[in-house]
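Overview (structure and organization)
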Amino acid sequence: PALRLAATSAIGSAHRPHPMRVEKAVPAAIGKLKNGEIEEIYFVFGSESNGLVNADIALCDWVVTIPSSDLYRSLNLGQAVLIFSYEANQALIGEWENFEVAKPGQKERIIGHLLELAESVGFILPGDPLKMRPRLEAIFSKLPRYIEDGHTLHGLIDQTIRSVRKGQPDVRGRYKMFQEEKKL
């Protein structure tokens, strides 16, 4: 899904929703992109002479305005594009290193792993008579596309499944060494 932001200098009316300010709207849109609620953001601008008409705005999700003087309410197209781009850049500065594009299938692998865990602990019964799988899938589908340190989550799920199958905590690798040091 995409989020379309209509750039306009017009204020709200009965036929047009009241606009959000650009310095709030763009970071909120970037936040939705980061957490996987949307996959794309479109900034929609009108022509230099007329701006956006109501029909164009109706096709957008959010109406956004750049605060300006009452004496000169409208900016030229280049200025408006620059301000929207600046706000997008500001929303990403300092977090860019941590913002990774989702690796294909990461979310799906985590969901599959969580469902495997639910089956291992008996939350999803054979044949799924209570229809828990689709309920869990609906909940898990709300996870962001990218989870930082997803491998740690997979490790936890793996260890939980092994421990359930074994009937007791299954310590491996460094955790096993930690247990042996504790005994000394």
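Throughout what follows, the structure given in this document is the object of discussion. Because the structure is predicted, anything quoted here is derived from the model rather than measured. Going along each chain's sequence as written, the residues are numbered from 1 onward. Local features in this predicted model are restricted to residues of pLDDT 70 or higher, and side-chain atom pairs are both shown and tallied only at a pLDDT of 80 or more, whereas totals for entire chains, interfaces and linings draw on every residue. Based on all heavy atoms of the structure, the side-chain values leave hydrogens and waters out of the count.

Details of the side chain of Lys107
Keep this limit in mind: Put simply, DSSP marks the helices as runs of H or I at least four residues long and the strands as runs of E at least two long, and each gets a number from the N terminus on. Think of it in three bands: with a 1.4 Å probe and only protein chains considered, a residue is buried below 20% of the maximum accessible area for its type, exposed above 50%, and partly exposed in between. Charge assignment: positive for Lys and Arg, negative for Asp and Glu; neither His nor the chain ends contribute. Salt bridge criterion: a side-chain nitrogen from Lys or Arg within 4 Å of a carboxyl oxygen from Asp or Glu. Contacts are assigned to residue pairs that have any heavy atoms within 4.5 Å of one another.
Structurally, the position occupied by Lys107 is in helix H4 (residues 106-120). Of the buried charged residues, Lys107 lacks a salt bridge, with Glu108 as the closest side chain of opposite charge at 6.1 Å. Not counting residues within four places of it along the chain, the set of residues in contact with Lys107 comprises Phe140, Ser141, Leu143, Pro144 and Arg145.

Topic: unusual backbone geometry
Positive phi, close to 50°, is recorded for Asp128, a residue that is not glycine. Relative to the helices and strands, Asp128 is located in the loop between H4 and helix H5 (132-140). The backbone of Lys131 shows a phi angle near 55°, a positive value even though the residue is not glycine. Looking at the element boundaries, Lys131 is found in the loop between H4 and H5.

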